[in-house]
Amino acid sequence: MTSPIGSPQMRFRGAAGAPALPTPPTGFAVAAYPTYAQAQGAIEHLAKNDFAIQDVTIVGTDLQLVERVTGRLTAGKLAGAGAASGAWFGLFVGLLMSFYGQSSAGLALILVSVAIGAVFGAIMGYLGYSVAKGKRDFTSASQVVARRYDVLCQPRTAEQARNLLARMELGSKS
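What you are looking at is a predicted structure, and each value in this text was computed from that prediction instead of being measured.

## Here we look at the side chain of Asp55
- In this structure, Asp55 sits in the loop between α1 (36–48) and β2 (56–72).
- Side-chain polar atoms of Asp55 contact the side chain of Thr157, separated by 2.9 Å.
- For Asp55, the residues in contact, after removing those within four places along its chain, are Leu152, Cys153, Gln154, Arg156 and Thr157.

Here it is in structure tokens:
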């Protein structure tokens, strides 16, 4: 027996109560935390106390894009990265050619393809660096973070959630 795509049998784990289209969160704010880990800990506390956690939503507010600089970018690093990428592509092409070619020199063909790919990749990496002319000479990692994480709960269970979380807070301060 097959089931339609929207049926509970075909949904991914955790998506049972998620709306199909982007919608604003609903419910009453029952707690606020400065980190996502603390908000997640609050949900875990509710779950351990047999709370209906499908009524709960974590909402990050005051979003910020944070870009952390991870290192300096040089012509040598870009040429090396290009060479590595080109070598992998050369290996792929060489393997394809050796499998489907009629030449008995399969290993030599693979090695030559890897070398040509590495040289071409290194040249392209260096050219990419020289075209940028010193702009953005660093590597970075970006992520979106919130200043605060609110825990919202549906009205039918909001008071129970507040009480359980208040007890959790009292327990952690003693």
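## Some details on helix α3 (residues 106–132)
- Between its terminal C-alpha atoms α3 stretches 39 Å, which fits the 39 Å expected from 27 residues at 1.5 Å a residue.
- Buried within α3 are the following residues: Gly106, Ile110, Ser113, Gly117, Gly121 and Gly125.
- Looking at the buried positions of α3, the neighbouring elements they touch are α2 (75–100).
- Phi turns positive one or two residues past the end of α3, at Lys133, with a value near 50°.

## Quick word on the nonpolar core
- If you look at the biggest cluster of nonpolar residues, it comprises 18 residues, and the most contacted ones within it are Tyr33, Leu46, Val151 and Leu165.
- Counting only elements with at least two residues in this core, the list comes to β1 (28–33), α1, β3 (138–153) and α4 (158–173).
- In terms of residue count, the dominant contributor to this core is α4 (five residues).
- Not counting chain neighbours up to four residues away, the residues in contact with Val151 comprise Phe28, Ala29, Val30, Ala31, Tyr33, Ala39, Ile43, Val56 and Thr57.

## Examining the pattern of salt bridges
- The full count for this structure, using the stated rule, is five salt bridges.
- Across the pair Arg136 and Glu67 runs a salt bridge, and its minimum N-O distance is 2.7 Å. Of this pair, Arg136 sits in the loop between α3 and β3 while Glu67 sits in strand β2, and the two are 69 residues apart along the sequence.
- Judged by relative accessible area, which is 46%, Arg136 ranks as partly exposed.
- Residue Glu67 is classed as partly exposed on the basis of its relative accessible area, which comes to 39%.
- Taking the shortest distance from any N to any O, the salt bridge between Asp150 and Arg148 comes out at 2.8 Å.
- When its relative accessible area of 11% is taken as the criterion, Asp150 is described as buried.

## As for the sheet that holds β3
- Sheet architecture is open: three strands sit in the order β1-β3-β2, paired in antiparallel fashion. Of all the strands in the sheet, the pair left with one neighbour each is β1 and β2. Each neighbouring strand pair of the sheet contributes to a mean axis angle of 30°, computed without reference to strand direction.
- With respect to the sheet, α1 is in contact with β1, β2 and β3, its orientation differing from that of β2 by roughly 145°.

## Observations regarding the confidence of the model for the chain
- For the chain, per-residue confidence averages 86 on the pLDDT scale, and residues scoring 70 or more make up 87% of the total.
- Confidence over residues 1–12 falls short of pLDDT 50; this stretch has six contacts with residues more than four positions distant or in other chains.

## Side note on unusual backbone geometry
- Although it is not a glycine, Asp50 adopts a positive phi angle of roughly 55°.
- Backbone geometry places Arg136, a non-glycine residue, at a positive phi of 55°.

## Remarks on α1
- If you check α1, its first and last C-alpha atoms are 18 Å apart, about what 13 residues at 1.5 Å a residue would give, namely 18 Å.
- Those residues of α1 that fall on the buried side of the exposure criterion are Ala39, Ala42, Ile43 and Leu46. Down the axis, α1 shows its buried residues gathered within 95° of arc, on one side only. Turned more than 90 degrees off the buried face of α1, the exposed positions are Ala37 and Lys48.
- One or two residues past the end of α1 sits Asp50, with phi positive at roughly 55°.

Rules used in this analysis
- Residues numbered from 1 in each chain as written.
- Predicted model: local features only at pLDDT ≥ 70, side-chain atom pairs only at ≥ 80, totals over all residues.
- Heavy atoms only, no water.
- Helix = DSSP H or I, 4+ residues; strand = E, 2+ residues; numbered from the N terminus.
- Polar contact = N/O pair within 3.5 Å; in protein donor to acceptor, adjacent residues only side chain to side chain.
- Contact = heavy atoms within 4.5 Å.
- Expected span 1.5 Å × (residues − 1).
- Buried < 20%, exposed > 50% of the residue type's maximum accessible area, 1.4 Å probe, protein only.
- Core = buried A, V, L, I, M, F, W, Y, C linked by side-chain atoms within 4.5 Å.
- Salt bridge = Lys/Arg side-chain N within 4 Å of Asp/Glu carboxyl O.
- Pairing = 2+ DSSP bridges.
- Axes fitted to C-alpha atoms, helices over the stretch in contact; angles between N-to-C directions.
- pLDDT = per-residue confidence, 0-100.
- Arc of directions from axis to C-beta.

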